[in-house]
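Single-letter residue listing:
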Amino acid sequence: MNNAKTKEMETQVKTPWGEVGYPVYKRTYSRPTEAGKTEEWPETVERVIDACRDQLNVGFSQFEEGELRKNMLNLKGTVAGRFLWQLGTKTVDKLGLPSLQNCAFVVVDDPIRPFTWAFEMLMLGSGVGFNIQRENVYQLPKVKARVNVERQDKNDADFIVPDSREGWVELLRKTLEASFITGEGFTYAAHMIRSKGSPIKGFGGTASGPDDLVWGIGEINGILNKRAGQRLSSVDCLDIMNIIGKVVVAGNVRRSAQIALGDHDDIEYLRAKRWDLGNVPNWRAMSNNSVICEDTSLLPEEFWEGYKGNGEPYGLINLESSRRMGRTGETQYPDPDVQGYNPCAEQSLANFETCCLAEVYLPNIESDYELRQVLKFLYRINKHSLSIKCAIKETEDIVHKNMRMGIGVTGYLQASEKQRSWLDGAYEYIRNYDTEYSKLHGFPASIKLTTVKPSGTLSLLAGVTSGAHPAYSQYYIRRIRMSSDSSLAATARKQGYPVEYVLNFDGTEDKSTVVVSFPCKVPDGTKLAKDMTAVDQLEVIKRLQKEWSDNSVSVTIYYRKHELDDIKQWLEDNYHDVKSVSFLLHNDHGFAQAPMEEIDEQTYTEMAAKVTPIESLEALTLEDIEVEDCDTGACPVR
């Protein structure tokens, strides 16, 4: 794109950034340019449009490209963050489907493939959900024997780990096979892995060196050896997956999102994140944990202990309703192969399935007609992205069969009632459009089309309330995580923003990552969390599941302890039509460095007076930023 055209668009359109929207965009989606700087928003938009033409073969007319350009520049609707970062790059040409997928899911019913698949998808940037219900885990064979998997950086080691994603996955595969298949240990050399601090091409970030991989392999080998002659438990599988996630955080893009799905009556699993009981390894913070349950009256008392402040409250997943219906009552759109969810639990998925997303900023939509046009453009981009190739055959097969996407809405409780009323008809429009478009272009109809996700990062761009959440508070601190050596962290310090190291659950500091605190406020009249009971919030889920989302509605319900009985009664009355729901104690949850913290007007005014807003970030190098889209184990930024 030429500079003259860029300047023309910048002059004509003033993008309606939120309070931290511009720095979040620059650090998350802005790629380096040939001029040695990083993109501005019009250049990112143009890269996406070029890729729709040249990589995805969407077939937009010149007029349609112009409309899409205006929609994105004005933050009416955008492709997913993964698309914003990846489209137009050689990574998409090389990797195809997985490079653009936000969501992924696998069933742990095999001793090797689920773990290696999850490792690879996490390193490719997808969030990964995994099902560790006993009926699946019990299909794993017994661990054959104790084996010694030892690092020896010599050229005659049994396996020399290549400096590649595939090399890391292969080392994990060999480790698992040693315990489950051969019963024999081996040596490996890690000296070929690039040194700490080296840049990672394609997805960005910097290398951690071999030490984090070596640590993770050692921990996994230890878990397997403790079970010699026995079968793994669900929590053993949880730990292996969480260790894999922690290796990815340190060793690749500093980002890893997971959700674990276990049985509602698995007491060991229910206690896996009971921090009050002690001896909980730090790596268990890598995943959201939920239980699969079809009837909440069957939940044991142990499930509710986490809701009392003794640990992390587990979410609820209703696979029966997820398979039975699209939107509430729409049984003409069943989804029989669903076995789990993505990390934020808005996308139901089959085994080895992935899914792409998109976002509509509902408060910025001016008419019912405009909403439908925005949806049509985003649908077409997603549809064509789902049809591209994937080197992972089992994933390509299920994705090409289901063509599952999730076009989400955000800012729902900041939007007017008139804007919200457009969603029901807009869903019918896009469902009918999919039928016609799929037939015309020879695609299978999409099994699912719409969703509501937490939408932390993209919502920050526009400064709207995230997904279907109310505003956390009129005044609050928004905490953003980033690499300690990020130039954005240095800029934040220079301009007065509080910067501190991330604290682990045991109180130690993670020197590789810092948290930057931004003082924020929402416009007067915005719906606030303090003005909504837990049941009020649950009713929002109910309405959106009926009027918009044929996938699920991912909302974290903020509650207070005295509301637990009301929550239980609402679930008893409505759970039949719920697909997923999660909860978090409001204010008194006790988490250090929470993604958001309520403050009063005076504190906001004092903090705001000490900072200089970040409005220019041209000289950045590419390190990664983290924004907590979920409250624990967030979905990927990109």
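Residues numbered from 1 in each chain as written. Predicted model: local features only at pLDDT ≥ 70, side-chain atom pairs only at ≥ 80, totals over all residues. Heavy atoms only, no water.

## What to know about the pairing of strand β8 (residues 287-292)
Burial within β8 is extensive, with six of its six residues counted as buried. Along β8, one buried face is formed by S287, N289 and V291 and the opposite face, lined by N288, S290 and I292, is buried too. Strand direction decides the pairing type here: strand β7 (residues 258-263) and β8, joined by six bridges, are parallel. Its bridge partner lying in β8, D263 is registered against I292. One ladder, built from three bridges, connects β8 with strand β9 (residues 315-317); its direction is parallel. Counted as the bridge partner of I292 is I317 from β9. (Buried < 20%, exposed > 50% of the residue type's maximum accessible area, 1.4 Å probe, protein only. Helix = DSSP H or I, 4+ residues; strand = E, 2+ residues; numbered from the N terminus. Pairing = 2+ DSSP bridges.)

## A short note on unusual backbone geometry
In most cases, non-glycine residues show a negative phi, while peptide bonds are predominantly trans. With a phi angle near 50°, L75 is a residue other than glycine that sits in the positive phi range. Within the secondary structure, L75 sits in the loop between α4 (62-73) and β1 (77-79). In this structure L75 comes out as buried when scored by relative accessible area, which is 0%. Even without glycine at this site, S455 takes up a positive phi of about 55°. By the secondary structure assignment, S455 is in the loop between β14 (450-451) and α19 (456-462). Exposure remark for S455: the relative accessible area of 3% places this residue in the buried category.

## Section: the pairing of β7
Among the six residues of β7, six are classified as buried, and the element is accordingly described as predominantly covered. One ladder, built from four bridges, connects strand β3 (residues 127-131) with β7; its direction is parallel. Pairing of G129 across the sheet is with I259, part of β7.

## Description of the environment of S322
Residue position: S322 is located in helix α14 (residues 319-324). Taking the relative accessible area as the measure of exposure, S322 reaches 0% and is therefore buried. S322 sits 256 residues away from V578 along the chain, and the two C-alpha atoms are 8.2 Å apart. The residues contacting S322, other than those within four sequence positions of it, are D335, V338, Y341, S348 and K579. In terms of polar contacts, S322 uses its side chain to reach the backbone carbonyl oxygen of N318, at 2.7 Å. (Contact = heavy atoms within 4.5 Å. Polar contact = N/O pair within 3.5 Å; in protein donor to acceptor, adjacent residues only side chain to side chain.)

## Focus: the sheet that holds strand β5 (residues 159-160)
Here we have three strands laid out as an open sheet, ordered β4-β6-β5, and parallel in their pairing. Of all the strands in the sheet, just β4 (149-151) and β5 have a single pairing partner and so form its edges. One ladder, built from two bridges, connects β5 with strand β6 (residues 186-189); its direction is parallel. Each residue of the ladder has a partner; that of F159, found in β6, is Y188. Here helix α9 (residues 165-182) sits on the sheet and contacts β4, β5 and β6; the angle it forms with β6, its principal contact strand, is near 170°. Sitting on the sheet, helix α10 (residues 211-226) is in contact with β4 and β6, with an inclination near 160° to β4. (Axes fitted to C-alpha atoms, helices over the stretch in contact; angles between N-to-C directions.)

## Some details on α4
The periodicity of an α-helix, 3.6 residues per turn, causes residues three or four places apart in sequence to face the same way. Taking 1.5 Å as the rise per residue, α4 with 12 residues should run 16 Å; its terminal C-alpha atoms sit 16 Å apart, in good agreement. Those residues of α4 that fall on the buried side of the exposure criterion are E64, E65, G66, L68, R69, N71, M72 and L73. Immediately beyond the C-terminal end of α4, within one or two residues, lies L75, with a positive phi of roughly 50°. (Expected span 1.5 Å × (residues − 1).)

## Notes on the packing of α9 against α10
Following both chains from N to C, one finds α9 and α10 inclined at 15°, their axes separated by 10 Å at the closest point. Classified by the angle their axes make, α9 and α10 are roughly parallel. You can see that α9 and α10 cross each other, and the crossing is right-handed. In contact with W168, L171, L172, T175, L176, S179 and F180 of α9, α10 contributes L213, I217, I220, N221 and L224. (Parallel < 35°, antiparallel > 145°, perpendicular 65-115°, else oblique. Left-handed = near helix turned anticlockwise from the far one by under 90°.)

## A short note on the packing of helix α15 (residues 368-386) against helix α18 (residues 423-441)
Packing of α15 against α18 leaves a shortest axis separation of 10 Å and a crossing angle of 40°. Taken together, α15 and α18 sit at an angle that is classed as oblique. At the point where α15 passes α18, the crossing takes the right-handed sense. Facing α15, whose interface residues are L371, R372, Q373, L375, K376, Y379, R380, K383 and H384, α18 presents L423, G425, A426, Y429, I430, Y433, D434, Y437 and S438. When the residues that make up the contact of α15 with α18 are grouped by side-chain class, the tally is nine nonpolar, four polar and five charged. (Nonpolar A, V, L, I, M, F, W, Y, C, P; charged D, E, K, R; others polar.)

## Some thoughts on the side chain of S348
Relative to the assigned elements, S348 resides in strand β11 (residues 348-349). Discounting chain neighbours no more than four positions away, the residues touching S348 are S322, D335, V338, G340, Y341, R404 and N551.

## Describing the nonpolar core
If you look at the biggest cluster of nonpolar residues, it comprises 189 residues, and the most contacted ones within it are F119 and Y188. The greatest single-element share of this core, amounting to nine residues, is contributed by helix α11 (residues 234-251). With residues near it in sequence (within four places) discarded, Y188 still touches V149, E150, R151, Q152, D153, A157, F159, V161, L171, V214 and I217. (Core = buried A, V, L, I, M, F, W, Y, C linked by side-chain atoms within 4.5 Å.)

## Quick word on the packing of aromatic side chains
Under the definition given, this model contains 23 aromatic pairs. Centroid distance Y269 to Y314: 5.2 Å. Interplanar angle 65°. Geometry classified as edge-to-face. Placement of Y269 in helix α12 (residues 267-270) and of Y314 in the loop between α13 (301-305) and β9 is noted, with a sequence separation of 45 residues between them. For Y269, a relative accessible area of 0% gives the class buried. (Phe/Tyr/Trp six-rings, centres within 6.5 Å; stacked < 30°, edge-to-face > 60°.)

## Looking at the confidence of the model for the protein
Taken over all residues, the pLDDT of the protein has a mean of 90, while the share at 70 or more is 91%. Taken as a whole, residues 621-638 scores under 50 in pLDDT and shows 96 contacts with residues more than four places along the chain or in a different chain. (pLDDT = per-residue confidence, 0-100.)

## Some words on the pattern of salt bridges
Tallying each qualifying case throughout the model produces 48 salt bridges. For R69, the salt bridge goes to E46, with nearest N and O atoms at 2.8 Å. Within this pair, whereas R69 is found in helix α4, its partner E46 is found in helix α3 (residues 41-54), the two being separated by 23 residues in sequence. With respect to class, R69 is no different from E46; both count as buried. The residue E166 makes a salt bridge to R165 at a minimum N-O spacing of 3.1 Å. Note on E166: relative accessible area 44%, which makes it partly exposed. (Salt bridge = Lys/Arg side-chain N within 4 Å of Asp/Glu carboxyl O.)

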